[in-house]
Amino acid sequence: MSRSMTIRTPLFFLFIVGVVLNPVAVLAVPQYLTDFDTRYGTSGTRLNACNLCHPNFPSSTTPHNNYANDFQSHSHSFSAIETLDSDGDGWTNKSEIDARFFPGNASDEPAANVTVVTLSSNPTSGTNAPGLTVVYTLQVSNTGQAADVFDLTLNGNLWSTILSVSNVSLAASANTNLTVTVTVLSNAQDGASDTVVVTARSRGNNTIWTSATLTTRARRLGSGDSWGKRNSSTSRGKVLLFDAASSTVFFYDGTNVAQVQQKDAVNSPGNIDNVVFTLGSGSSPGQVVGAWRRGTDDGWVWVNDGSQPKKVTSTTLRFGLTTFNPEGVAIADGCVLMILQQSSGNTTLVKDVFQVNPADGVATNVASGINVTTGPTIATAGAGRVRTSNCKAAFFFDDGANPTKLVFYNGTTTSVIDSGVFADQPSLSQGRIVYVKTVSGISQVFLYDSTTASPAPVQLTTDTAGQNSSPQTDGRHVSWLHTDGTTRNIILNGGVLLTSDPSTRPGPPGQQEPAVQLQRGQLVWLDAAGALRYYDGSDISVVDIAPATSVNTPWLADGDIAYLTDIGPFVFTGVPPSDGVQPSPPIRVTATPGDGRVTVAWDQILGAASYNLYYAEQSGVTKDNYSTLTGGATIANATSPFTLTGLSNNKHYSLIVTAVEGSVEGPGSPEVPTIPGIWTSTSSPSNYSFFAVAADPTNSSLVAYAAGKENINWWK
């Protein structure tokens, strides 16, 4: 107690004198010392004293030593003077502080064989759901001139926390990494936190130590979480989402949930909406880029590289304006395209398309070359949505003079590639655009392939009834929705039906765009019963959403499906897309049996010049082994539909199709089994529960027998 009082009395006295002599300067001294202790973990050590800067304290608070002078001349920045040797004793300020010696006293220096320890962690905080873990990686460094062993301890934590090692042995100037794993309390409330202090102490001299403070927070995902309804919120196994109540943006990296941006009245005002909100692939493996809108006027862009979100700015607005309203966004391959709405007055709004640099948020108008007719009769002109791939973009643009234009930005220049009455939004991937345009009252699907020598719009459908919508492409495949007014089906390029089973048909389009998603040879949609359907490249399945009871706003990317439910967001890990070898195989191959024949059809692959058909009387057929299988054969340059003849009835056949582009043949499609022959029902049984079905393939009468509860039925 006496020691405590002798320390406090001079500080109190100094405070009284300081108020009289120089209140501003002296009142700052305690705060500087507190900041010093916080940065270097020196609270309770010999450096936690006023003579850190005042060599004659307590006799006098002046003059300052050279460490204090350097601190003042570098705008009171401790980090700016860490590499300096303020007292000229041959040790940097940081080395002396870490060894618990005074950096402003040349006679107080570490011995030549002293060890100096530092402990760093980046980041120093993390967030995850209750019951899950946050893993921190810390580096322990011995910046001294002698080897030593450093003991590691944890203090202050309430949640389960595990150190990967209890001590490390380091040579001089060596370092090593360790991990600290914190498990969020299973019943922790949303926003609850726990702090642990990790200490590294020299075993040779226990007065030499340092510490790092880690703070872990609980983040409960729930029904209040949401994401974008126009653009995907998942990419590369990662998810961007926001809490609707607090408008806080969160990022799920596949393991942990971390806070990206809070609503702030000064720095980030306004609520998050689900119109301008997306996560897309970055320019390097594992990197993703996010973008969102706050309020009506502020756009933000963010990269998961440890940097902070950047506010979108632009000096290339139409009409020389300086303010804008973000209205749409698309991200892929490290490029951000954003629609910024500007007003030319009280009557006309123009929505131009801008490319935003994710590093600094600066937006450049790529649609400024499109003339816009302004006038009192025009309410809104410009683009409504934008799609991007490989840093190119496609969008419909209303220039104020009918008809609407389809615009393609090739990464350098912007050009109009079609015009007319369009429906839904275009889809762009690998330089190929698919879109729906009305022809003689019926919406038809068109393709514009910029990779060809002389690109021009090509009509893919020639329907005489019904309507087409939700066109999609992944650069190789094409899909769309076709409805005849009562039924709705997913159609693939070439007219091949994907949803041949009526139970798999998609439900009515909701608020989400697009209603059916196609990405890397896989598809996702909600069926008529509200179930989440997933085509993984070989078959259609239902995603089990339990314990949730309803699902909405699913997004597909890279084999993962992120979806919202009545109890919160979920991620379903599906099948990794096998699209490494190009050209891609057809998504769907159908085989319709006949008498000694099978008619085979498949969807068309963009860029493919021809197709090869392989078949055998055994399953497991591939383009490499077909000749070793019974009845194995191939048809080169086959065209869909293709009829195989000369087959044996009642025999099992397996078929695959490959696409050929130039001299490269791609992988095989999903295998399709088929049995040639003509089968028709000879009766119409009802009220039967069949236990078994048997057939004799050698029976010339082609009779199949089924055993039921009451009778025997048969088909021919």
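Small disclaimer: the values here were computed from a predicted structure and weren't measured. (Residues numbered from 1 in each chain as written. Predicted model: local features only at pLDDT ≥ 70, side-chain atom pairs only at ≥ 80, totals over all residues. Heavy atoms only, no water.)

Caption draft 1: Structural detail: the sheet that holds strand 6 (residues 167–170). Taken in spatial order, the 5 strands line up as 2-9-8-4-6 in an open sheet, and their pairing is mixed. Edge strands, defined here as strands with exactly one partner in the open sheet, are strand 2 (125–128) and strand 6. The sheet shows a mean angle of 20° between the axes of neighbouring strands, taken without regard to direction. Alignment of strand 4 (residues 148–155) against strand 6, held across 4 bridges, turns out to be antiparallel. Residue pairing in the sheet places Asp-148 in a bridge with Leu-170 of strand 6. (Pairing = 2+ DSSP bridges. Helix = DSSP H or I, 4+ residues; strand = E, 2+ residues; numbered from the N terminus. Axes fitted to C-alpha atoms, helices over the stretch in contact; angles between N-to-C directions.)

Caption draft 2: Representation of the sheet that holds strand 35 (residues 488–492) in the model. On the basis of which strands lie adjacent, the open sheet formed by 4 strands has the order 33-34-35-36 and antiparallel pairing. Edge positions in the sheet fall to strand 33 (467–473) and strand 36 (496–497), since each has one partner strand and no second.

Caption draft 3: Just the environment of Thr-628, in detail. Looking at the secondary structure, you find Thr-628 in the loop between strand 46 (610–616) and strand 47 (633–638). A residue is classified by how much of its surface remains accessible, and Thr-628, at 63% relative accessible area, is exposed. Separated by 12 residues in sequence, Thr-628 and Ala-616 place their C-alpha atoms 9.2 Å apart. Engagement of the side chain of Thr-628 in a polar contact is seen with the backbone oxygen of Asn-625, the distance being 2.7 Å. (Buried < 20%, exposed > 50% of the residue type's maximum accessible area, 1.4 Å probe, protein only. Polar contact = N/O pair within 3.5 Å; in protein donor to acceptor, adjacent residues only side chain to side chain.)

Caption draft 4: How the structure looks around empty space enclosed by the protein. This structure, assessed with the given rule, holds 1 cavity of 30 Å³ or more. Quantified by volume, the largest cavity comes out at close to 40 Å³. In terms of lining residues, the largest cavity is bounded by Arg-230, Asn-231, Val-275, Glu-327, Gly-328, Val-329, Arg-385, Val-386 and Arg-387. Looking at the lining of the largest cavity element by element, the count peaks at 3 residues for strand 20 (residues 325–332). For the lining of the largest cavity, the class distribution of residues is 3 nonpolar, 2 polar and 4 charged. (1 Å grid on protein atoms, 1.4 Å probe; cavity = no way out; pocket = protein on both sides within 12 Å on 5 of 7 lines; lining within 4 Å. Points joined across faces, edges and corners; volume = space filled by probe spheres on them. Nonpolar A, V, L, I, M, F, W, Y, C, P; charged D, E, K, R; others polar.)

Caption draft 5: Representation of the nonpolar core. In terms of nonpolar packing, the biggest core is built from 29 residues, with Leu-138, Val-140 and Val-180 touching the most fellow members. Elements supplying a minimum of two residues to this core: strand 1 (117–121), strand 3 (133–142), strand 4, strand 6, strand 7 (174–183), strand 8 (193–202) and strand 9 (209–218). For this core, the leading source of residues is strand 3, giving 4 residues. Apart from the residues lying within four places of it in its own chain, the contact partners of Val-140 are Val-117, Thr-118, Leu-119, Leu-152, Val-168, Leu-170, Ala-174, Asn-175, Thr-176 and Leu-178. Formed by 20 residues, the second largest nonpolar core is a distinct cluster that contains Trp-227, Ile-272, Leu-279 and Leu-564. (Core = buried A, V, L, I, M, F, W, Y, C linked by side-chain atoms within 4.5 Å. Contact = heavy atoms within 4.5 Å.)

Caption draft 6: Summary view of the environment of Leu-406. For Leu-406, the position within the fold is in strand 27 (residues 404–409). Counting along the chain gives 10 residues from Leu-406 to Val-416, while the straight-line C-alpha distance between them is 5.7 Å. Dropping the residues within four chain positions of it, Leu-406 is found in contact with Phe-395, Phe-396, Ser-415, Val-416, Ile-417, Asp-418, Phe-422, Pro-426 and Tyr-435.

Caption draft 7: Quick look at unusual backbone geometry. Here Asn-122 and Pro-123 are connected by a cis peptide whose omega angle stands at 5°. Locating Pro-123 in the fold gives a position in the loop between strand 1 and strand 2. In this model, Arg-236 sits at a positive phi of 55°, which is unusual for a non-glycine residue. Overall, Arg-236 belongs to the partly exposed group, its relative accessible area being 30%. The phi dihedral of Arg-520 falls on the positive side, at around 55°, and the residue is not glycine. Take Arg-520: it is sitting in the loop between strand 37 (517–519) and strand 38 (522–526). Residue classification places Arg-520 among the partly exposed positions, given a relative accessible area of 32%.

Caption draft 8: Just the state of the cysteines, in detail. Applying the stated rule across the entire model yields 1 disulfide. The side chain of Cys-335 participates in a disulfide bridge whose partner is Cys-391; the two sulfur atoms lie 1.8 Å from each other. What sets the handedness of the Cys-335 and Cys-391 disulfide is the S-S torsion sign, and at about 80° it is right-handed. With Cys-335 in strand 21 (residues 335–343) and Cys-391 in the loop between strand 25 (387–389) and strand 26 (392–398), this pair connects stretches of sequence that are 56 residues apart. Using a relative accessible area of 8% as the deciding quantity, one classes Cys-335 as buried. Its sulfur unpaired, Cys-50 is 8.9 Å from the next cysteine sulfur, which belongs to Cys-53. Judged by relative accessible area, which is 12%, Cys-50 ranks as buried. A relative accessible area of 18% places Cys-53 in the buried class. (Disulfide = S-S within 2.5 Å.)

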